[in-house]
Amino acid sequence: FPHVPEAGLALAWGTVVCLVIFYASPLSALYSVISQRDSSAIILPLSLASWLNGACWTLYGLLATHNPFIWVPNALGVVLASAQLVLSAVFPKTANRLERERREGAAVDPAAAALTLGRGNGGVVPGADAGLTPVAPSAMVVSGKL
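Residues numbered from 1 in each chain as written. Predicted model: local features only at pLDDT ≥ 70, side-chain atom pairs only at ≥ 80, totals over all residues. Heavy atoms only, no water.

**Student:** Can you lay out helix 3 (residues 44–65) for me, pointing to particular residues and giving the numbers?
**Tutor:** Given a rise of 1.5 Å per residue, 22 residues ought to cover 32 Å, and the 30 Å separating the end C-alpha atoms of helix 3 matches this to within 8%. Buried within helix 3 we find S47, S50, G54, A55, T58 and G61. Along the axis of helix 3, the buried positions cluster into a sector of 140°, meaning they face one direction only. Opposite the buried face of helix 3, at more than 90 degrees from it, the exposed residues are P45, L59, L63 and A64. (Helix = DSSP H or I, 4+ residues; strand = E, 2+ residues; numbered from the N terminus. Expected span 1.5 Å × (residues − 1). Buried < 20%, exposed > 50% of the residue type's maximum accessible area, 1.4 Å probe, protein only. Arc of directions from axis to C-beta.)

**Student:** Please give an account of unusual backbone geometry that cites residues and values.
**Tutor:** Despite not being glycine, R37 shows a phi value in the positive range, around 55°. If you trace the backbone, R37 turns up in the loop between helix 2 (30–36) and helix 3. Notably, H66 is not glycine yet its phi reads approximately 55°, a positive angle. If you trace the backbone, H66 turns up in the loop between helix 3 and helix 4 (68–90).

**Student:** Describe the environment of T65, listing the residues and the values that go with them.
**Tutor:** Here T65 shows up in helix 3. Setting aside residues up to four positions removed in sequence, T65 forms contacts with Y60 and I70. (Contact = heavy atoms within 4.5 Å.)

**Student:** Give a description of the nonpolar core that names residues and reports values.
**Tutor:** Nonpolar side chains in soluble globular proteins tend to end up buried together. Membership of the largest hydrophobic core is limited to five residues, which are L30, V33, I42, L87 and F91. Other than its neighbours up to four places away in sequence, I42 contacts L30, V33, S47, Q84, L87, S88 and K93. (Core = buried A, V, L, I, M, F, W, Y, C linked by side-chain atoms within 4.5 Å.)

In structure tokens:
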């Protein structure tokens, strides 16, 4: 679009908006990470890849093209990915939330326990047929075999 500067500018701003949304999307988990002091909600490989991608494009935008449409949103991405990496280091992943609640003596929601059991052990109810009977998580709640 070199002959139509408005079209190029609209494309650049559209790209910036999409890039900022991409970098900001994992931030929805940061509140739970801070409040629960557990970084299980952060996907570490995604955070590392986002940081590396943002750093490379920031350097390219600053040093090679001097284009703020490249380096500004990517520098923001480096900052946001750095926040995720710092929170992963400060609040390491802990044991399963239900295990934590049991240790702390908190009441466990049976529906949440069934969902976690269904994910955590392949849908097998402990103690049922030597622990080898697969059942749906909803069946565990209905049958009371928690």
